[in-house]
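Single-letter residue listing:
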Amino acid sequence: MSAKSNVTLVEITRPNAYIAMMIPHRIFVDDQKIGEVRNGKTQTFEVSPGTHEIYVKQSRFVKSNHLSVECAPNQTIRLQVTQNKPLKQTLLAVTGLGLISLPKRANLYLELLP
C-alpha cells in the first residue's frame, strides 16, 4: 500500500469461519475486482474518492449484498464480510438444494463498521 494522498482506504475484514475457509472472497468495487481477502484476514485497498458500489463474491453463486459507499479523500472505510446463515448454507450444499436457492439470494453479508 502506498502513501498516496487524496485516496480512500477500504479495509475489509473477514472473520474466521469454518464454511469456505479455504476459498478467498473476491472484492469488487464498481464491478471491477480489486483483490481478495482470505479467512481470518483483513485487507486494505485504495479507491478514488466518490460514491462506489462494493460487494464480495466467493463463487459464481455465493455473493454479498451491494453497499453504496461515499468515499472522501484521506478517509478509511471499514467493512466486514460474514457468512449469512452458515448452518442453512451447509445443509443446502450437502443436500444439493443449494443449486436451486443459492443463486437467488445474498449468501454473504457485507456491512459498514463504525
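None of the values given here were measured: they were computed from a predicted structure.

### Thoughts on the sheet that holds strand S7 (residues 76-83)
Okay, step 1: If you walk across this open sheet you meet the 4 strands as S4-S1-S7-S8, and the pairing is mixed. Sheet topology places strand S4 (41-47) and strand S8 (108-112) at the edges, where each strand pairs with a single neighbour. Across the sheet, the axes of successive neighbouring strands diverge by a mean angle of 25°, strand direction being ignored.
Okay, step 2: Inspection of the sheet shows S7 paired to S8 by 5 bridges, in the antiparallel sense. Paired with Val81 across the strands is Leu110, a residue of S8.

### Notes on the sheet that holds strand S5 (residues 50-57)
Pairing between the strands of a sheet comes from backbone hydrogen bonds, and it takes one of two forms, parallel or antiparallel.
Okay, step 1: Read from one edge of the open sheet, 4 strands run S3-S2-S5-S6, paired in antiparallel fashion. The open sheet has two edge strands with one neighbour each: strand S3 (32-37) and strand S6 (67-71). Shown here is a sheet whose adjacent strand axes are inclined to one another by a mean of 30°, direction ignored.

### Section: the nonpolar core
Okay, step 1: If you look at the biggest cluster of nonpolar residues, it comprises 18 residues, and the most contacted ones within it are Val10, Ile12, Ile54, Leu79 and Leu110.
Okay, step 2: Elements with a minimum of two residues in this core: strand S1 (8-14), strand S2 (25-29), S4, S5, S6, S7 and S8.
Okay, step 3: For Ile54, the contacting residues outside a window of four places in its chain are Val10, Phe28, Val29, Asn65, His66, Leu67, Val69, Leu79 and Leu110.

### Here we look at unusual backbone geometry
Okay, step 1: A positive phi angle is found at Asp30, which is not glycine, with a value near 50°.
Okay, step 2: Tracing the chain through its elements places Asp30 in the loop between S2 and S3.
Okay, step 3: For Asp30, a relative accessible area of 36% corresponds to the partly exposed category.
Okay, step 4: In this model, Asn74 sits at a positive phi of 60°, which is unusual for a non-glycine residue.
Okay, step 5: With respect to the helices, strands and loops of the structure, Asn74 is situated in the loop between S6 and S7.
Okay, step 6: What makes Asn74 exposed here is its relative accessible area of 55%.

Rules and cut-offs
- Residues numbered from 1 in each chain as written.
- Predicted model: local features only at pLDDT ≥ 70, side-chain atom pairs only at ≥ 80, totals over all residues.
- Heavy atoms only, no water.
- Pairing = 2+ DSSP bridges.
- Helix = DSSP H or I, 4+ residues; strand = E, 2+ residues; numbered from the N terminus.
- Axes fitted to C-alpha atoms, helices over the stretch in contact; angles between N-to-C directions.
- Core = buried A, V, L, I, M, F, W, Y, C linked by side-chain atoms within 4.5 Å.
- Buried < 20%, exposed > 50% of the residue type's maximum accessible area, 1.4 Å probe, protein only.
- Contact = heavy atoms within 4.5 Å.

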